[in-house]
Amino acid sequence: MSKFQCKVDRQGPKLTLQLGGIIDEDADFAPLAINGAHEVKIDLDAIKSINSCGIREWIKWIGANSSAKVIYAKCPKVIVDQMNMVDGFLPAFAQVESFYVPYYNEDSGAEKNILFRYGVEFKEGQVQPPSEVKDETGNTMEMDIIESKYFKFIKSKV
Amino acid sequence: MKTLKKVPFNRYLIVAEVGFKILVIEDDAHLGASLREALTRKGHFVFHVMKPEEALQLMTKQVFNYVLTDCLLPQMTGIDLIKKIRQEIPDESTTKFILMSGIYTDKTFQNEALSETGAIGFLKKPFQLEELDQYIVKVQTVSATSDSLQESARKNLYEIFEKEKVSPREKRKLIESLEEVDGYDLPFIYSLLAETKTSGHLNIFTEGGVVSGVTFFQGAIVGVDVEDQSTFLGHMLIQSGYLAPQDLKEILNDKSPRRIGQKLIEASKLSPHAFDMILNEQMNVRLTRTIIDGKVRVNFVSTEVEEISPSIDSDQLTEYLHDWVASKIPLNWLESLYLMWSGQKILKSSQWKDEHAVLKTSFLKRLKNLPEKITQGANINELLTIEGYDAISIYKALHLLLLKGLIIFSSEKVSLDASAQKQHVKKLHDQINNKESSEVLELFKEILASKHETEWLDELMKFIGPAPQDQDVLKLWKSVKDKFDRALRIHWSETDTQVTSIKKEDNSERKIKAIRMVDESKVQLQLNRYAKAMEILNEVAKIFPSAAGLRVCKAWGQLGLVDPNKKVFQLKEIELELMQVPPDERYDATYPFVMGLYQKAKGDFVNARKSFEKSQAIDPSFIAPKRELSMLDSAKNTPKQDVFNMDLKDVVAGFFKKKAG
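Residues numbered from 1 in each chain as written. Chains lettered and ligands numbered in written order. Predicted model: local features only at pLDDT ≥ 70, side-chain atom pairs only at ≥ 80, totals over all residues.

Participant: Talk me through the overall build of chain B; I want residue IDs and the actual numbers.
Facilitator: Secondary structure summary: chain B contains 31 helices and 12 strands in total. By sequence separation, contacts in chain B at least 24 residues apart represent 70% of the contacts at least 6 residues apart. (Helix = DSSP H or I, 4+ residues; strand = E, 2+ residues; numbered from the N terminus. Contact = placed C-beta atoms within 7 Å.)

Given below as structure tokens:
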């Protein structure tokens, strides 16, 4: 079971946070003060899961930011779900740089996460998925999500 | 076997307010190009073709949100083209068609063309772009503001009730597809997650912004996180009989920082197993609090979870499901849910087992020979006519059996013969007769789910069936139809926002009033003014049926008014009332006191005494149990404890309770 981890990289006014593991009641956001930075990039690639306590903690933490421009990068499905569903999880001052979309092939059962990047696979109000995604054996894969639900956050903001 | 609906994969999915994918079929190159340019400027993705076969070819490769077609095309009319597309293109069901013509402008022709093709509009050329633009926006706004997507996800979830086999992956996918559900859907969702033996967190969000969560480890519930964490641990220990009040007092005086459970176990006042049982009951109380009257959003995060003890396994979940269905889910919600299946045969599924724990639960036991009736292929309408079967027990028993997958509904739609239609129409008439228009639509919400509002009347008419020949039935049929008409007219004349805000305001006012009235009734009950108390409580049942304390107080009042000549029947009614007391309302002093009164009325003085003692231990200032204990003492007819006739819970509690030293 991977506990919450965070790697902080500060370069002048730019702060990069690499978060990983589980966001739950044990996740401590206190040392991750983002106020004071001009731009904060939060890399969520290694986040495995989030529970209700973690959601409450996240909203409290991110909502306390008053000035920085916040960028969410490499958001896994668990994070995208919360962005779509929970008010304040993706606040007005935050932008999404990239997020993962699960793909699936019904015959082989293969699963794969494809990174959608701003300006390439999505932009304000639009999603343009790759023309084809194939699994290891060359089978065409389909998105394993409900598009209208999963891409909802793109409607209002990116 | 039916397969689950698959969401069509749009090659270019546009999720913005603008940016639809539109195909224009117009043989006038100039007009076609102008339309393409103008619509592109509006942010849409527009393709223009001049011939029907080009359109057909393109549509086999791509899915369009809208197709605009001229009526007069080379080789084929626009009307025939739409028909051909509908026949030949598998993914066309999401596409909306708009016809346009500068020649066929006659109103009768337009109406016929619209009805033949199912197109959403007819534009007379030349037209202003705004006409088209407004039309597209209008349609888009309806779909954006309606909950059809959510309703359809929820409807798909309940389609399981017609399926013999659904794979764990399909079940998980159904749960993932959900977003907004009723609070009363949660027991079903918990049950499905338990069946799929899945691990992860189910996060639940209420409209008020409250976040709760339930954690599963391979299908077992290992954690419940709710806003209100109070769970009356001390009261639970006393009520369960695991702990004597004086032992609890002693432990509470110990100011060391250890947890209360740890202190009790270390002092040998409680066994670890008994404490685990109480912790599970604590989770049950917390889960009960998630099942609310209102909308909630859910999101399941599948993930590895640590195995934690204690946990709620499948067997225990069955017991709790019974508690939740009994106490939290109102009859009218179940009636609405099952309306669409009311005439369909109930079948035993492959999971049916005669010795299944569900069949031993109270609601099932109240319905004599229900398994036999199911074997004979009865439907809900027929069950409701059986003597001795009451609606509450029928709906709640069936809901439990469906939640556990023991029964399914036959997917064959039964065509009603004259006598069955008479029964069906009469039942509908009785159900909606005294209801407000909004309540009529609420009752039919499951049937109307995922249908566009403009199709509602047709859908309701399909449900009621054709006008019957029999004059008496026809009278009822007309009355039902008028009710539908009126409900829809009122619905369309009010905006959703107005209705919702009025409903919310009204709801909270009613709730406050109900709480005050329940308190008032308690005062009357303590003064033995049962008739007055019942008058107040019956009023509460009308204005806010889920008011806390209502059922316990009603049972108390009914017990005070028991007529010796009708005792057996009345005690059965009271038993039903007590069965419906929610788990989180069983841990104050009133519940064990009323249980004591019920046991006393049944002649079970041993358990009555225990219940009064528990009540007094929980709240020493509560006079009523003290009075009852004095009466029992003075009667001096307390029989010796008989373990063979004692409540099993008390016998078991006796085994686990440890004596100090």
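Participant: Describe the sheet that holds strand E8 (residues 211–217) of chain B, naming the residues involved and giving the relevant values.
Facilitator: One open sheet accounts for five strands, arranged E6-E10-E7-E8-E9 (chain B); its pairing is antiparallel. Taken across any chain shown, the strands that pair with only one partner, and hence form the sheet edges, are strand E6 (180–182) and strand E9 (220–225) of chain B. For this sheet, the mean angle separating the axes of adjacent strands, direction not counted, is 30 degrees. Against the sheet, helix H1 (residues 52–63) of chain A contacts strand E7 (200–206), E8 and E9 of chain B, and its axis sits at roughly 140 degrees relative to E8(B). Of the strands in this sheet, E7, E8 and E9 of chain B touch helix H12 (residues 272–290) of chain B, which is tilted by about 65 degrees from E9(B). (Pairing = 2+ DSSP bridges. Axes fitted to C-alpha atoms, helices over the stretch in contact; angles between N-to-C directions.)

Participant: Which residues make up the pairing of strand E10 (residues 295–302) of chain B, and what are the values?
Facilitator: Residues and elements named next belong to chain B. In this sheet, E10 lies alongside E6 in antiparallel orientation, the contact comprising three bridges. Residue pairing across strands places Val 181 opposite Val 296, the latter belonging to E10. When E7 meets E10, the two strands line up antiparallel, connected through seven bridges. Following the sheet pairing, Gly 200 is matched in E10 by Ser 302.

Participant: So what's going on with unusual backbone geometry? Which residues, and what values?
Facilitator: Of the consecutive residues Ser309(B) and Pro310(B), the connecting peptide bond is found in the cis state with omega at 0 degrees. Of note, Pro310(B) is situated in the loop between E10 and helix H13 (314–327). Despite not being glycine, Lys74(A) shows a phi value in the positive range, around 50 degrees. Among the structural elements, Lys74(A) can be located in the loop between strand E4 (69–73) and helix H2 (77–85). Judged by the 20 C-beta atoms lying within 10 Å of it, Lys74(A) falls in the buried class. (Buried ≥ 20, exposed ≤ 12 C-beta atoms within 10 Å, placed from the backbone.)

Participant: If you had to explain the sheet that holds strand E7 (residues 111–117) of chain A to someone new, which residues and values would you point to?
Facilitator: Residue and element names in this part refer to chain A. Reading across from one edge, E7-E6-E10 is the order of the three strands in this open sheet, with antiparallel pairing throughout. One side of each edge strand has no neighbouring strand; the edge strands of this open sheet are E7 and strand E10 (142–143). Relative to E10, strand E6 (residues 98–104) is paired through two bridges, and the arrangement is antiparallel. What sits directly across from Tyr 104, in E10, is Glu 142.

Participant: Describe the domain arrangement of chain A, with residues and values.
Facilitator: The accessible area lost on association of the parts is a frequent measure of interface size. Residues and elements named next belong to chain A. As far as domains go, chain A holds domain 1 (1–96) and domain 2 (103–113 + 120–158). For domain 1 versus domain 2, the separation of C-alpha centres amounts to 23 Å. Taken together, the contact pairs six residues of domain 1 with five residues of domain 2. Here the element with the most residues in the side of domain 1 that touches domain 2 is H2; it accounts for three residues. Tallied by class, residues from the side of domain 1 that touches domain 2 come to four nonpolar, two polar and no charged. (Domains from an automatic or database assignment. Nonpolar A, V, L, I, M, F, W, Y, C, P; charged D, E, K, R; others polar.)

Participant: Describe the pairing of E7(A), and please don't skip the residues or the numbers.
Facilitator: Residue and element names in this part refer to chain A. Bridge analysis of E6 against E7 gives seven bridges, and the strand direction is antiparallel. Residue pairing for E7: Tyr 103 is matched across the bridge by Lys 112. The antiparallel hairpin formed by E6 and E7 contains six residues in its connecting segment, where Gly 109 sits at a positive phi of about 75 degrees.

Participant: Outline the nonpolar core, listing residues and values.
Facilitator: Residue and element names in this part refer to chain B. Ranked by size, the top nonpolar core spans 147 residues in total, and within it Ile 189 and Val 594 carry the most contacts. By residue number, the principal contributor to this core is helix H18 (residues 391–403), which donates eight residues. Not counting residues within four places of it along the chain, the set of residues in contact with Val 594 comprises Val 552, Ala 555 and Trp 556. Counting 30 residues, the second-largest nonpolar core is a separate cluster that includes Leu 23, Val 46, Val 63 and Ile 136. (Core = buried A, V, L, I, M, F, W, Y, C linked by C-beta atoms within 7 Å.)

Participant: Describe H13(B), listing the residues and the values that go with them.
Facilitator: Residues and elements named next belong to chain B. In this model H13 runs 20 Å from its N-terminal to its C-terminal C-alpha over 14 residues, within 8% of the 20 Å that 1.5 Å per residue would give. Counting buried positions over the 14 residues of H13 gives 10, a clear majority of the element. Along H13, the positions that sit buried rather than exposed are Gln 316, Leu 317, Tyr 320, Leu 321, His 322, Asp 323, Trp 324, Val 325, Ala 326 and Ser 327. Among the structural elements, helix H8 (186–195), H12, helix H15 (362–366), H18 and helix H27 (567–579) are those in contact with the buried residues of H13. (Expected span 1.5 Å × (residues − 1).)

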